[in-house]
Amino acid sequence: MTSPRLSPAILGSLKPGIGVPKYDRAKVTPGIVHLGIGAFHRAHMAVYVDDLLADDPSWGIVGASLRRPDTKEALEPQGGLYTIAVRDAAGTHPRVIGSILSVMDANTERDALLDLMASPNIRVVSLTVTEKGYCHDPATGELDQNHPDVVHDLANPASPKSAPGMLVEALARRKAAGIAPFTVMSCDNLPSNGETAKRIVTRFAALRDADLGEWVKSVAFPSTMVDRIVPSTTDADREEVTSLIGAEDAWPIMTEPFTQWVIEDHFPSGRPAFEKVGGQLVKDVEPFEHMKLRMLNGSHSTMAYLGYLGGYQYIAEVMGDPAYVKLIHGLMTEEAMPTLDMPGTDLGLYRDQLLERFRNPALKHRTWQIAMDGSQKLPQRLLGTIRDRLKAGQPITRLALGVAAWMRYVTGIDEEGNEIDVRDPHALKMMAISADAGDDPVALYEGLSSLTEVFGTDLAENAVFRDTVIKHLESLFDEGAKATVAEVVG
Ligand code: CS2
């Protein structure tokens, strides 16, 4: 028997025990526009908002996709409803989320979306547009004025394509109408994501017009640290969720039990009571961001490149290899933790929880998924930690192995000689560099480390960095990833 499509009309006839919205969705009004309505947002912020709408229905979310209309196509027939399925060793636990009122496709509904963003009831515009969506230089955090979307948006300010362009046009419309600005809340894995977004958006606004640039300086850009592991949904996941809830969901979101959200409390235009639903409101998010980026994401990227090269498809599989576990444990304990300043936080406990989360056998998190966009991720995940350690004269063995594994990975050829589908905004440039370098580790190092948008201008020439990465690269080429990991952990 085929199941009916998930929709508001059939909420009452889902299988017993399935969590559904505990508020009247008809009374919910939009207060938030979210740019980049991908899986992460739907597993994270949208769930916190779902938890608070019963108390305050003025914070419904209108989601927008800037690139592909696929989320809209999946959610529109479902009236915005979708399932999050939390997976642990005991099974899969589905719950239907109702906080997303509708989804707009920025490509076909740009003007309506900009008008909505400019309307007074929208008080927060949040973003998960991934690292590359900021159109910035990841090494410096500055707007990349040569980015094709930035060039386009400066030439066509009223029909922007990029996230900075959308934000500035919506703010310009508010300014013109005499409406106070919304608060911009970045929920991407960038260091000082609020400040970074502010630097990029104010620069873009100033390039459009000096007055607008000044006005945009008054906009609030709180920083946040977001955390929840969200593997891409597969067809098998869709089938499992459909049979668990008794309705067909075109795009359920699979995730883990853990969730964390640390938010800088700076919302002059008002905010939902995130603290009532598990959000941690703080003055300074930066220490939390560093902790998460350097420990969780630094480990993730290292496991992704070394794991993929070693033939492991999923993170839980990587965690089944004791040498890899020792490497990651050491990377966090010996190399990342000493660079963090977190009074009152038990970093050893945080590390152990991370190792447990990485081990989650039910979460099919692909190494290939995490390996994506390394050029945008490496600076905040590994290179910042490396810089701090080099400055203090401390060893960088394990961190440098993560960097070497990335260099080996972006050659686009695996250890069996098969092609790797390298997804990265700089993939073509990197593949050309590695084609020139062949399998010469020194040439590969020199080519890739000259990408200043990743390495800045200081690291490539640092003798310790250079020697350590090249030594690892030689081993990766000669012995392969598994043998290299085994050797490094002794
Ligand atoms: C991952 C992150 O894909 C990746 O790069 O490292 O998405 C990670 O799962 C999240 O940051 C966890 O909060």
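Residues numbered from 1 in each chain as written. Predicted model: local features only at pLDDT ≥ 70, side-chain atom pairs only at ≥ 80, totals over all residues.

(A) Focus on the overall build of the protein chain. Check the secondary structure of the protein chain and you find 21 helices and 13 strands. For the protein chain, whose C-alpha radius of gyration is 23 Å, the value lies close to the compact-globule estimate of 23 Å for 490 residues. Taking the principal axes of its C-alpha atoms as reference, the protein chain extends roughly 60 × 60 × 45 Å. The burial tally for the protein chain puts 48% of its 490 residues in the buried class. In the protein chain, the proportion of contacts linking residues at least 24 apart, taken out of those at least 6 apart, comes to 77%. (Helix = DSSP H or I, 4+ residues; strand = E, 2+ residues; numbered from the N terminus. Rg over C-alpha atoms; globule rule 2.2 N^0.38 Å. Buried ≥ 20, exposed ≤ 12 C-beta atoms within 10 Å, placed from the backbone. Contact = placed C-beta atoms within 7 Å.)

(B) Highlighting the packing of helix H12 (residues 322-336) against helix H21 (residues 481-489). Viewed as axis vectors pointing N to C, H12 and H21 meet at an angle of 55 degrees, and their least axial separation amounts to 9 Å. As the angle between them shows, H12 and H21 are arranged oblique. In this structure, H12 meets H21 at a crossing whose hand is left-handed. Within the contact between the two elements, H12 uses Ala323, Tyr324, Lys326, Leu327 and Gly330 and H21 uses Val485, Ala486, Val488 and Val489. (Axes fitted to C-alpha atoms, helices over the stretch in contact; angles between N-to-C directions. Parallel < 35°, antiparallel > 145°, perpendicular 65-115°, else oblique. Left-handed = near helix turned anticlockwise from the far one by under 90°.)

(C) Inspection of the sheet that holds strand E9 (residues 183-186) at higher detail. Ordered in space as E5-E2-E1-E6-E9, the 5 strands form an open sheet in which the pairing is parallel. In this open sheet, the two strands that pair with only one neighbour each are strand E5 (100-105) and E9. Strand after strand, the sheet turns through a mean of 25 degrees between neighbouring axes, direction not considered. (Pairing = 2+ DSSP bridges.)

(D) Quick look at the domain arrangement of the protein chain. You can read the domains of the protein chain as domain 1 (8-282) and domain 2 (286-489). Its C-alpha centre places domain 1 at a distance of 29 Å from the equivalent point of domain 2. Those elements that place two or more of their residues in the side of domain 1 that touches domain 2 are strand E3 (82-88) and strand E10 (224-227). Here the residues of the side of domain 1 that touches domain 2 are counted per class, giving 10 nonpolar, 5 polar and 7 charged. (Domains from an automatic or database assignment. Nonpolar A, V, L, I, M, F, W, Y, C, P; charged D, E, K, R; others polar.)

(E) Looking closely at the UniProt feature "domain: Mannitol dehydrogenase N-terminal" (unreviewed entry) in the protein chain. UniProt records the feature "domain: Mannitol dehydrogenase N-terminal" (unreviewed entry) for residues 31-276 in the present numbering. Secondary structure across residues 31-276 comprises 34% helix and 22% strand; the distance between its end C-alpha atoms is 18 Å. (UniProt positions renumbered as here; feature names shortened; annotations may be inferred.)

(F) Highlighting the packing of helix H20 (residues 463-479) against H21. Contact pair H20 / H21: the axes reach a minimum separation of 7 Å and the direction vectors enclose 130 degrees. Viewed along their axes, H20 and H21 adopt a mutual orientation that is oblique. On H21, the residues that touch His472, Ser475, Leu476 and Glu479 of H20 are Ala481, Ala483, Thr484 and Glu487. Partitioning the contact of H20 with H21 into residue classes produces 3 nonpolar, 3 polar and 2 charged.

(G) Here's a closer look at the environment of Arg174. Along the polypeptide, Arg174 turns up in helix H6 (residues 163-177). For Arg174, a count of 20 C-beta atoms within 10 Å gives the class buried. For Arg174 and Leu327, which are 153 residues apart along the polypeptide, the C-alpha to C-alpha distance reads 51 Å. If near-sequence neighbours (up to four positions away) are discounted, Arg174 is found in contact with Ala118, Ile179 and Pro181.

(H) Structural view of the UniProt feature "domain: Mannitol dehydrogenase C-terminal" (unreviewed entry) in the protein chain. Sites flagged by UniProt as "domain: Mannitol dehydrogenase C-terminal" (unreviewed entry) map to residues 284-476. Structurally, residues 284-476 comprises 67% helix and 0% strand, and the distance from its first C-alpha atom to its last is 40 Å.

(I) Main features of the sheet that holds E10. The strand order across the open sheet formed by 3 strands is E10-E12-E13, and the pairing between neighbours is mixed. The strands lining the two open edges of the sheet, one partner per strand, are E10 and strand E13 (280-282). Here the strands of the sheet are splayed against their neighbours by 15 degrees on average, with no regard to which way each runs. Pairing of E10 with strand E12 (residues 260-264) involves 4 bridges; the strand directions are antiparallel. Looking across to E12, one finds that Asp227 is bridged to Gln260. In this fold helix H10 (residues 286-309) packs onto E10 and E12, with an angle of close to 35 degrees to the strand it touches most, E10.

(J) Here's a closer look at the site of the ligand. Taken together, Asn189, Asp227, Arg228, Ile229, Leu296, Asn297, His300, Gln369, Ile370 and Lys377 form the complete shell of residues around the ligand. At the level of elements, H10 and helix H14 (367-371) are the ones that each hand at least two residues to the shell around the ligand. With 3 residues, the top contributor of residues to the shell around the ligand is H10. Considered class by class, the residues forming the shell around the ligand number 3 nonpolar, 4 polar and 3 charged. If you count residues domain by domain, the shell around the ligand takes at least three from each of domain 1 (8-282) and domain 2 (286-489). (Near = placed C-beta within 6 Å.)

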